[in-house]
There are 2 protein chains.
Amino acid sequence: MIDVTTQASPGSESRIRLSRERVLRAAVAVADERGIESLTMRRLAEVLGAEAMSLYYHVSNKDDLLDGVVDLVGREINEAVADPPVTGGGWKDIARRRILTAREVLLRHRWAPAVFESRTAASPEVLRYLDGLLGIMRGGGFSSDLAHHAMHALGSRAFGFTQELFTPAGAAPPSPDALDHMAAQLPNLVAMLRDISHDDPDSTLGWCDDQAEFEFGLDLVLDGLDRLRGTR
Amino acid sequence: MIDVTTQASPGSESRIRLSRERVLRAAVAVADERGIESLTMRRLAEVLGAEAMSLYYHVSNKDDLLDGVVDLVGREINEAVADPPVTGGGWKDIARRRILTAREVLLRHRWAPAVFESRTAASPEVLRYLDGLLGIMRGGGFSSDLAHHAMHALGSRAFGFTQELFTPAGAAPPSPDALDHMAAQLPNLVAMLRDISHDDPDSTLGWCDDQAEFEFGLDLVLDGLDRLRGTR
DNA sequence: ACCTGAACACCGTTCAAGT
DNA sequence: ACCTGAACACCGTTCAAGT
């Protein structure tokens, strides 16, 4: 299952040496396969064929482990973004493609956005990614001031994710019966859902297309920034 | 300290009865005063002058507790938003003021955004808030389709918060010396910071104004939506 | 230099028992 | 109906000790 699991068989003499890199890679693998809540020092050690206490020789504590994990994912983003070097198009197209590439990486690590947000220390790889984005804006003629605002306005969207707040991913919309029941307290929400299912009957299964919604919001912000670019 | 702490003095006979409402209010108070990481079942019980196990009669588990806490904060937002009823101005002004009011509430509960994001169940109060926002858009002539996209595009910004990603709140910018050191790896970031501190020397202490940046991003999105309103 | 065992101070939660 | 004590299966982390 986990390729990092290469642990010593019960009776074997030597096991692979630990290292910070190996610990961090195993942590990503554990989070990918069993979810972030399964990423405990004890389980991580188990996967590595070691004792929990051994990890503390390579990371100073769990916070440091998570900092390292974020940096590793940041590196993966930077590699993906550098792979086929982005060329052609204006700043907006370049930024757009870069952000959607970052998104692809984060979709492979669905737990990562929450961990990104929990960190307070700045990951060098993440800074490198943001520096690149800033370079794209500078190339597009942004002033430092506007570029600064732009980074804040993008927020986590710069990495390809936003917090979905009222739609458990892939949820089915309420049934007509349920809608009738909700109509009194949530008239506008119900009216909207009715309209949408009327216009597009197919939407009855998982009516929110996360990718499309992400791109809609991203374009809204990028277009807005592009317009301001001329004026400040 | 905590007004909900009204616990029985050591030898007293009767203590105030617990209730779901009282448990939830105490949970908010604990999170406000000691941080969300201090909100454990055991400590919450202590603050209420009860045993941890007693809480389970009023909430089914910690997840349910947090769901309740989100709903309580949602109620506080709805009350703040309803207080001086919003009148006058176009949909954009009304939505803007409402969102900034929600933001004020969340600034009183700095731990709340993270808890909001961790929840998967839909809080009735949160849904009520979103329904209101939807009503404002409908009043502004939004189609159901555009209103749907708009809610996704706003995301957590609808509640008055966004994830800050590269600025630990209130952090001082790097010193000129530190900038020199970073320049090789992060040229664009360093150039931007130098420009900003040159234009505005005062910015040397905490150069990111969270409120201003929030409003910048909010206006960018609201303006973009307003423009689309005419066309779809 | 690298890894470990035993131990500590915490968690959330169950279950049977008290009033 | 409401609350509790003892107990279980976990956490992250320390410290002194092994190789």
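Refer to the preceding data block for the structure.
Residues numbered from 1 in each chain as written. Chains lettered and ligands numbered in written order. Predicted model: local features only at pLDDT ≥ 70, side-chain atom pairs only at ≥ 80, totals over all residues. Heavy atoms only, no water.

Caption draft 1: Just the side chain of B:E117, in detail. Take B:E117: it is sitting in helix α6 (residues 112-118). In this structure B:E117 is buried but unpaired, with B:R119 as the nearest side chain of opposite charge at 11 Å. When neighbours within four sequence positions are excluded, B:E117 is seen to be in contact with A:E117, A:Q163, B:F161 and B:Q163. (Helix = DSSP H or I, 4+ residues; strand = E, 2+ residues; numbered from the N terminus. Buried < 20%, exposed > 50% of the residue type's maximum accessible area, 1.4 Å probe, protein only. Lys, Arg positive; Asp, Glu negative; His and termini not counted. Salt bridge = Lys/Arg side-chain N within 4 Å of Asp/Glu carboxyl O. Contact = heavy atoms within 4.5 Å.)

Caption draft 2: Representation of the pattern of salt bridges in the model. All names here are of chain A. As enumerated under the stated definition, the model contains 26 salt bridges over all chains in all. Across the pair E21 and R75 runs a salt bridge whose closest N-O atoms are separated by 3.4 Å. With E21 in helix α1 (residues 20-34) and R75 in helix α4 (residues 62-82), this pair connects stretches of sequence that are 54 residues apart. Take E21: its relative accessible area is 31%, and that puts it in the partly exposed class.

Caption draft 3: Structural context of empty space enclosed by the protein. In this structure the tally under the stated criterion is 4 cavities of 30 Å³ or more. One number sums up the size of the largest cavity: a volume of about 160 Å³. As for the largest cavity, its lining consists of 17 residues, of which A:S156, A:T162, B:S156, B:T162 and B:Q163 are closest to the centre. Broken down by element, the lining of the largest cavity gets its largest block of residues, 3 residues, from helix α8 (residues 144-154) of chain A. Class assignment for the residues of the lining of the largest cavity results in 4 nonpolar, 9 polar and 4 charged. (1 Å grid on protein atoms, 1.4 Å probe; cavity = no way out; pocket = protein on both sides within 12 Å on 5 of 7 lines; lining within 4 Å. Points joined across faces, edges and corners; volume = space filled by probe spheres on them. Nonpolar A, V, L, I, M, F, W, Y, C, P; charged D, E, K, R; others polar.)

Caption draft 4: Spatial organisation of the environment of B:L154. Residues and elements named next belong to chain B. Looking at the secondary structure, you find L154 in helix α8 (residues 144-154). Considered as a pair, L154 and D180 are 26 residues apart in the sequence and their alpha carbons are 38 Å apart. Ignoring sequence-local partners within four residues, the contact set of L154 consists of L133, M137, L218, V221 and L222.

Caption draft 5: Representation of the relation of the copies chain A and chain B. Note on the copies: chain A fits chain B at an RMSD of 0.0 Å, the axial shift is 0.0 Å, and the rotation between them is 180°. Those values place the two copies in the arrangement expected of a two-fold rotation axis. The fraction of interface residues of chain A whose copies in chain B are also interface residues reaches 100%, indicating that both copies meet through the same surface. (Least-squares fit on C-alpha atoms with pLDDT ≥ 70 in both.)

Caption draft 6: Spatial organisation of the protein's contact with DNA strand C. By nearness alone, 18 residues border DNA strand C, and A:S54, A:H58, B:R42, B:M53 and B:K62 come closest of all. Each atom of DNA strand C within 4 Å of the protein belongs either to a base or to sugar and phosphate, the latter forming 54%. One of the side-chain N or O atoms of A:H58 is found 2.5 Å from a phosphate oxygen in DNA strand C. Within the side chain of B:Y56, an N or O atom sits 3.0 Å from a phosphate oxygen of DNA strand C. Looking at the surface near DNA strand C, the elements that each hand over two or more residues are α3 (52-55) of chain A together with α2 (41-47) of chain B. Among the elements that make up the surface near DNA strand C, the one with the highest residue count is α2(B) (3 residues). A class-by-class count of the residues in the surface near DNA strand C yields 7 nonpolar, 4 polar and 7 charged. (Near = heavy atom within 4 Å. Polar contact = N/O pair within 3.5 Å; in protein donor to acceptor, adjacent residues only side chain to side chain.)

Caption draft 7: A look at the protein's contact with DNA strand D. By nearness alone, 18 residues border DNA strand D, and A:R42, A:M53, A:K62, B:S54 and B:H58 come closest of all. A:R42 has a polar side-chain atom sitting 2.3 Å from a base nitrogen of DNA strand D. Between a phosphate oxygen of DNA strand D and a side-chain N or O atom of B:Y57, the distance comes to 3.3 Å. For the surface near DNA strand D, the secondary-structure elements that each account for two or more residues are α2 (41-47) of chain A together with α3 (52-55) of chain B. The residue makeup of the surface near DNA strand D, split by class, is 7 nonpolar, 4 polar and 7 charged.

Caption draft 8: How the structure looks around the nonpolar core. Formed by 145 residues in total, the largest nonpolar core has its most connected members in A:L44, A:F116, B:L44 and B:F116. Setting aside residues up to four positions removed in sequence, B:F116 forms contacts with A:L165, B:V70, B:V73, B:I77, B:L106, B:V126, B:F159 and B:F161. (Core = buried A, V, L, I, M, F, W, Y, C linked by side-chain atoms within 4.5 Å.)

Caption draft 9: Structural view of the packing of aromatic side chains. Residue and element names in this part refer to chain B. Overall, the coordinates contain 6 aromatic pairs over all chains when judged by the stated rule. Judged by centre distance (5.6 Å) and plane angle (65°), the ring pair of F116 and F159 falls under edge-to-face. A residue pair is termed long-range when its members are at least 10 positions apart, and F116 in helix α6 and F159 in the loop between α8 and α9 (176-182) qualify at 43 residues. This pair shows no difference in class: F116 is buried, exactly as F159 is. (Phe/Tyr/Trp six-rings, centres within 6.5 Å; stacked < 30°, edge-to-face > 60°.)

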